[in-house]
Amino acid sequence: MLHFPTDKGTFFYRVAGILRHEGRILLMKNQIMPNWLLPGGRCEMHEASAEVVQRELMEETGLAVEVGPLRFVTEYFFSESNRRFHQLGFYYELALSGTPGLDWGQTFYRTEGDQFLTFSWFGPEELANARLHPSGLKPWLYTTGQGIEHLVLNDTW
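Note that the structure is predicted; figures quoted are calculated from it, not measured.

S.K.: Which residues make up the layout of surface pockets, and what are the values?
M.R.: Space inside the largest pocket adds up to approximately 630 Å³. As for the largest pocket, its lining consists of 27 residues, and the residues nearest its centre are Arg14, Asn30, Met33, Leu37 and Arg42. With four residues, the top contributor of residues to the lining of the largest pocket is helix 1 (residues 49-61). Reported here for the second largest pocket is a volume of approximately 170 Å³.

S.K.: Could you give an account of the side chain of Gln87, naming the residues involved and the relevant values?
M.R.: Counting through the fold element by element, Gln87 comes out in strand 6 (residues 83-96). Engagement of the side chain of Gln87 in a polar contact is seen with the side chain of Tyr91, the distance being 3.5 Å. Residue contacts for Gln87: discarding those within four places in its chain leaves Phe12, Arg14, Thr74, Glu75, Tyr76 and Phe78.

S.K.: Any chance you could break down the side chain of Glu47 for me, citing the residues and the numbers?
M.R.: Its location among the elements puts Glu47 in the loop between strand 4 (40-42) and helix 1. Separated by 3.0 Å, the side chain of Glu47 and the backbone nitrogen of Glu44 make a polar contact. Within the structure, Glu47 has its side chain in polar contact with the side chain of Arg55 (distance 2.7 Å). Discounting chain neighbours no more than four positions away, the residues touching Glu47 are Val52 and Arg55.

S.K.: Explain the pairing of strand 1 (residues 3-6) to me, using residue names and the numbers behind them.
M.R.: In this structure, strand 1 lies alongside strand 2 (residues 9-21), joined through four bridges in antiparallel fashion. Paired with Thr6 across the two strands is Gly9, which belongs to strand 2. Hairpin connection between strand 1 and strand 2: a loop of two residues separates the two successive antiparallel strands.

S.K.: Would you mind going over unusual backbone geometry in detail, with residue names and values included?
M.R.: A negative phi angle characterises most non-glycine residues, just as the trans form characterises most peptide bonds. Here His133 and Pro134 are connected by a cis peptide whose omega angle stands at 0 degrees. Along the chain, Pro134 turns up in the loop between helix 2 (124-129) and helix 3 (138-141). A positive phi is found at Glu22, a non-glycine position, where the angle reads about 45 degrees. Glu22 sits in the exposed class, given a relative accessible area of 71%. With phi around 50 degrees, Ser81 is a residue other than glycine that occupies positive phi space. Taking relative accessible area as the criterion, Ser81 reaches 68% and is therefore assigned exposed.

What counts and how
- Residues numbered from 1 in each chain as written.
- Predicted model: local features only at pLDDT ≥ 70, side-chain atom pairs only at ≥ 80, totals over all residues.
- Heavy atoms only, no water.
- 1 Å grid on protein atoms, 1.4 Å probe; cavity = no way out; pocket = protein on both sides within 12 Å on 5 of 7 lines; lining within 4 Å.
- Points joined across faces, edges and corners; volume = space filled by probe spheres on them.
- Helix = DSSP H or I, 4+ residues; strand = E, 2+ residues; numbered from the N terminus.
- Polar contact = N/O pair within 3.5 Å; in protein donor to acceptor, adjacent residues only side chain to side chain.
- Contact = heavy atoms within 4.5 Å.
- Pairing = 2+ DSSP bridges.
- Buried < 20%, exposed > 50% of the residue type's maximum accessible area, 1.4 Å probe, protein only.

Right, here's the structure in full:
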């Protein structure tokens, strides 16, 4: 994966997706981090970003997705457990491919390797109170802009 620790912090490249249903957005978290994230993961060397989000959604949820337009490119700076991070993020609009075996609107659980993952659907009111990582995405997720937004975001937990 494209993840480089340095003496000044860690850089990584993450790709995630925005999957919507009836005005709600799918978010995930694992048992280690208290923060909710858009589902996705880290890019491997020589892997196109759209392929990353398809692979990660299949691995994490078992859902096949069609990748839509790139919506956000983020430069995200944050600290966690006394470590500094610099994340380059690509966020795509997603649509489900085929008929999912999913109970829409319900929280569901999966495992990936030794990680226990929780997935839940968030409307605007729930998202306002959620600890989203990066938090600076909150005001943008329910906008319907055209083109790609470039966001520089900072969080310290």
